[in-house]
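Residue-level structural notes
Spelled out, the chains give:
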Amino acid sequence: MSLELKIATLENVAEVLTLHYKYQVDSISEEDKKDGFITTAFTESHLTRLITEESGLFIAVKDGKIVAYAMSASWGFWCQWPMFEYMVANLHDATLLGNELTENNSYQYGPVCVDKSVRGEGVFEAVFQFALKEMSARYPFMVTFINKINLRSYQAHTRKVNLDVISEFDFNNNHYFKLACKTS
Ligand SMILES: CC(C)(COP(=O)(O)OP(=O)(O)OC[C@H]1O[C@@H](n2cnc3c(N)ncnc32)[C@H](O)[C@@H]1OP(=O)(O)O)[C@@H](O)C(=O)NCCC(=O)NCCS
């Protein structure tokens, strides 16, 4: 399969939003829910800031079509949503291989989304590793979270790429794993 990995530009925003809303909790089809969904309702303005201020939107393109995205950005960017404020306030509750995680030495990866037409084909690993490599120039550690009901995402992130569960937390009646890894 020929897959192109790119840092998204503003001209990709509309197509990424189309992919996003196919799997966002308010608009995903009932049959797709069991394979995971994304909670945050991103807007054009959120993605514009993610691209222009963070260079943090990574995409995989197959046959001219965007089939996956992964987001990564500073905690400062994510703190416009209350859950990330909570995560920042609790960053100190776990270490990664003895390393303290801070707002400055780590960033938040996710969400990630792979179109169902290409799942299980290595696209997830490719876009994940591309985003990680790009962010490694800026941060030594990556932190993320997975809703405990998203079994597919948990399997992908713990078996297909090298993330460690470092703690667990609850927010808004949802239960999450907190995961992290070194970026290089
Ligand atoms: C989560 C996601 C990025 C993973 O990418 P993917 O291409 O589907 O991942 P893979 O298929 O390579 O790996 C998932 C593994 O979980 C397994 N799996 C699938 N459903 C499962 C379930 N209900 N319980 C346990 N394991 C499950 C798959 O069989 C696969 O393992 P295998 O290859 O050994 O068979 C993708 O499914 C997706 O975009 N889902 C919708 C959005 C989402 O949930 N994003 C993550 C949250 S931010």
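Residues numbered from 1 in each chain as written. Predicted model: local features only at pLDDT ≥ 70, side-chain atom pairs only at ≥ 80, totals over all residues. Heavy atoms only, no water.

**Observations concerning the packing of helix α5 (residues 123-136) against helix α6 (residues 151-160)**
Following both chains from N to C, one finds α5 and α6 inclined at 65°, their axes separated by 11 Å at the closest point. The angle between α5 and α6 places the two elements in the roughly perpendicular class. Once α5 is placed against α6, the crossing between them reads as right-handed. Residue-level inspection shows Phe124, Glu125 and Phe128 of α5 in contact with α6, the latter providing Ala156, His157 and Lys160. For the contact of α5 with α6, the class distribution of residues is three nonpolar, one polar and two charged. (Axes fitted to C-alpha atoms, helices over the stretch in contact; angles between N-to-C directions. Helix = DSSP H or I, 4+ residues; strand = E, 2+ residues; numbered from the N terminus. Parallel < 35°, antiparallel > 145°, perpendicular 65-115°, else oblique. Left-handed = near helix turned anticlockwise from the far one by under 90°. Contact = heavy atoms within 4.5 Å. Nonpolar A, V, L, I, M, F, W, Y, C, P; charged D, E, K, R; others polar.)

**So, the site of the ligand**
Near the ligand, the surroundings consist of 19 residues, among which Val112, Val114, Asn150, Arg152 and Lys160 are the closest. At a separation of 2.9 Å, a nitrogen atom of the ligand approaches a polar backbone atom of Val112. At 2.8 Å, a side-chain N or O of Asn150 approaches an oxygen atom of the ligand. Coverage of the ligand by the protein chains reaches 75% of its 940 Å² of free accessible surface. Among the secondary structure elements, those contributing two or more residues to the shell around the ligand are β6 (106-114) and α6. With seven residues, the single largest contributor to the shell around the ligand is α6. Grouping the constituent residues of the shell around the ligand by class yields nine nonpolar, five polar and five charged. (Near = heavy atom within 4 Å. Polar contact = N/O pair within 3.5 Å; in protein donor to acceptor, adjacent residues only side chain to side chain. Areas by Shrake-Rupley, 256 points an atom, 1.4 Å probe, with all protein chains shown as cover.)

**Some thoughts on the packing of aromatic side chains**
Summed over all chains, the structure comprises 17 aromatic pairs. Seen from their ring centres, Phe58 and Phe130 are 5.9 Å apart, and the 85° between their planes marks the pair as edge-to-face. One end of the pair, Phe58, is in strand β2 (residues 57-62); the other, Phe130, is in helix α5, with 72 residues separating them in the sequence. We note that Phe58, like Phe130, is buried. For the pair Trp78 and Phe84, a centre-to-centre distance of 5.1 Å together with 35° between the ring planes defines the contact as tilted. Under the relative-accessibility criterion, Trp78 is labelled buried at 0%. Joined through ring pairs, the aromatic side chains of Phe42, Phe77, Trp78, Trp81, Phe84, Tyr86, Phe145, Phe169, Phe171 and Tyr176 make up one cluster. For the cation-ring pair, Arg119 lies above Tyr23, with the distance from its terminal atom to the ring centre recorded as 4.6 Å. A cation over an aromatic ring shows up here: Lys148 above the ring of Phe177, its NZ or CZ 5.0 Å from the ring centre. (Phe/Tyr/Trp six-rings, centres within 6.5 Å; stacked < 30°, edge-to-face > 60°. Buried < 20%, exposed > 50% of the residue type's maximum accessible area, 1.4 Å probe, protein only. Lys NZ or Arg CZ within 6 Å of the ring centre and 35° of its normal.)

**Looking at the pairing of strand β9 (residues 174-182)**
When strand β7 (residues 141-147) meets β9, the two strands line up antiparallel, connected through seven bridges. Note that in β9 the partner of Phe141 across the bridge is Lys182. The antiparallel pairing of strand β8 (residues 164-171) with β9 creates a hairpin that spans two residues between the two strands, and Asn172 there sits at a positive phi of about 50°. (Pairing = 2+ DSSP bridges.)

**Some remarks on the environment of Pro82**
Mapped onto the secondary structure, Pro82 falls in helix α4 (residues 82-89). By relative accessible area, which is 53% here, Pro82 ends up exposed. Separated by 39 residues in sequence, Pro82 and Thr43 place their C-alpha atoms 17 Å apart.

**Notes on the sheet that holds β6**
If you walk across this open sheet you meet the seven strands as β1-β2-β3-β6-β7-β9-β8, and the pairing is mixed. The outermost strands of the open sheet, each flanked by one partner alone, are β1 (4-7) and β8. With direction set aside, neighbouring strand axes in the sheet form an average angle of 25°. In the packing of α4 onto the sheet, the strands contacted are β6, β7, β8 and β9, and the crossing angle to β8 comes to about 125°.

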